[in-house]
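Residue-level structure breakdown
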Amino acid sequence: MKETLYLQLDKNIQVQHPHIYLQDICKLSCTSTKVLNRVRVMPVASLDPHKYGRYVMSVIDLIGAIQKKEPELTVIPIGESDFILTYDKAHTAALIWRWLKIAFVSLASFLGAAFSIMTFQNDVDVGTLFSQIYTQVTGEASTGFTILEVSYSIGIGLGVLLFFNHFGKMRLTSDPSPMQVQMRLYEDEVDTTIIEQKSRE
């Protein structure tokens, strides 16, 4: 009876050692445990230990290498046809350096968002609008610090928290935040671009 091997690959696989075996880069399932144990430790690539970066590979190369070792084996790939090996050294960054990076990114995001909101308010002249509304409703001149400005400021803060669905460890739903979705889209586009560039070379 002919055995069948299923291998599942992601688009981007991170490795931290130069000698890569089949079990390091894909999930494997086989109808024979003996065959599975043999192919799991099959060498796939041997990278330059000092040359960190991204390497594009094809599932066809994997199938060819597997069938050379196991000619009677039927290989069925699941997932990506081309994939990226991201070879990176193991990070042992100090805790203080990690917190400094988090603080910097948080501060940059906060200041960027604040600047965007302020420029939008100036563009549409919200201050003048609130002043006119306050004068029409109350008959008094606005001081610039009325219930309209206070409630609007609180509303913007709450709106941002609700939109991003994330504040510390608290979440309103289990859905990913818009920032996480955008970061995932960005990663997918980078991976696709790298694969397409390699295929055009």
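How each quantity is defined
- Residues numbered from 1 in each chain as written.
- Predicted model: local features only at pLDDT ≥ 70, side-chain atom pairs only at ≥ 80, totals over all residues.
- Heavy atoms only, no water.
- Helix = DSSP H or I, 4+ residues; strand = E, 2+ residues; numbered from the N terminus.
- Rg over C-alpha atoms; globule rule 2.2 N^0.38 Å.
- Buried < 20%, exposed > 50% of the residue type's maximum accessible area, 1.4 Å probe, protein only.
- Contact = heavy atoms within 4.5 Å.
- Areas by Shrake-Rupley, 256 points an atom, 1.4 Å probe, with all protein chains shown as cover.
- Lys, Arg positive; Asp, Glu negative; His and termini not counted.
- Charge placed at Lys NZ, Arg CZ, Asp CG, Glu CD.
- Salt bridge = Lys/Arg side-chain N within 4 Å of Asp/Glu carboxyl O.
- UniProt positions renumbered as here; feature names shortened; annotations may be inferred.
- Phe/Tyr/Trp six-rings, centres within 6.5 Å; stacked < 30°, edge-to-face > 60°.
- Polar contact = N/O pair within 3.5 Å; in protein donor to acceptor, adjacent residues only side chain to side chain.
- Core = buried A, V, L, I, M, F, W, Y, C linked by side-chain atoms within 4.5 Å.

Looking at an unreviewed UniProt entry, the protein chain carries the name Stage V sporulation protein AA, with the source organism given as Candidatus Blautia faecigallinarum.

1. Considerations on the overall build of the protein chain
In terms of regular secondary structure, the protein chain is built from seven helices and eight strands. Relative to the globule expectation of 17 Å for 201 residues, the C-alpha radius of gyration of the protein chain, 27 Å, shows a markedly less compact shape. Dimensions of the protein chain along its principal axes, counting C-alpha atoms only, are 90 × 40 × 35 Å. Looking at the protein chain residue by residue over its 201 residues, the buried ones come to 22%. Relative to all contacts within the protein chain whose residues are 6 or more apart in sequence, the contacts with residues 24 or more apart total 64%. For the protein chain, the accessible area works out to roughly 14,600 Å², and carbon and sulfur atoms hold 61% of it. Of the side chains in the protein chain, 18 bear a positive and 21 a negative charge, and the two mean positions are spaced by 12 Å.

2. Thoughts on the pattern of salt bridges
Side-chain pairs of opposite charge can arise whenever the charged atoms involved come near each other. Going through the model one piece at a time under the given rule, you end up with three salt bridges. One salt bridge connects Arg 38 with Glu 70, and the closest N-O pair in it is separated by 2.7 Å. Here the residue Arg 38 occupies a position in helix α2 (residues 33-40), and Glu 70 occupies one in the loop between α3 (59-69) and β7 (74-79), the gap between them amounting to 32 residues. Judged by its relative accessible area of 38%, Arg 38 is partly exposed. Residues Arg 184 and Asp 188 are paired through a salt bridge, measuring 3.7 Å at the closest nitrogen-oxygen approach.

3. Looking at the UniProt feature "transmembrane region" (unreviewed entry) in the protein chain
Under the present numbering, the feature "transmembrane region" (unreviewed entry) in UniProt falls on residues 99-121 and 141-164. Counted over residues 99-121, helix gives 100% and strand 0%. Its end C-alpha atoms are 33 Å apart. Here residues 141-164 is 75% helix and 0% strand, with 36 Å between the C-alpha atoms at its ends.

4. Here's the deal with the packing of aromatic side chains
In this structure the tally under the stated criterion is two aromatic pairs. Both rings, one in Tyr 52 and one in Tyr 87, keep their centres 4.9 Å apart while their planes meet at 35 degrees; by these two values the pair is tilted. Of this pair, Tyr 52 sits in the loop between β5 (43-46) and β6 (53-58) while Tyr 87 sits in strand β8 (residues 82-87); the two residues are 35 residues apart in sequence, bridging distant segments of the chain. Exposure remark for Tyr 87: the relative accessible area of 4% places this residue in the buried category.

5. Structural notes on the UniProt feature "domain: Stage V sporulation protein AA" (unreviewed entry) in the protein chain
Following the UniProt record, one finds the feature "domain: Stage V sporulation protein AA" (unreviewed entry) at residues 3-89. With 26% helix and 46% strand, residues 3-89 has end C-alpha atoms that lie 37 Å from one another.

6. A closer look at the side chain of Glu 149
Within the secondary structure, Glu 149 is located in helix α6 (residues 147-164). Residue class for Glu 149 comes out buried when judged on its relative accessible area of 15%. Looking at Glu 149, its side chain comes within polar contact range of the side chain of Thr 146, at 2.3 Å. Setting aside chain neighbours within four positions, we find Glu 149 in contact with Phe 130, Ser 142 and Gly 144.

7. Focus: the nonpolar core
Formed by 27 residues in total, the largest nonpolar core has its most connected members in Leu 9, Ile 25, Leu 62 and Ile 66. For this core, the secondary structure elements donating two or more residues are β1 (4-9), β2 (12-15), α1 (22-25), β4 (26-30), α2, β5, α3 and β8. Per-element tally for this core: the top contributor is α3, with four residues. Setting aside residues no more than four positions away along its own chain, Ile 25 makes contact with Leu 9, Ile 13, Val 15, Ile 20, Val 44, Leu 62, Phe 83 and Leu 85.

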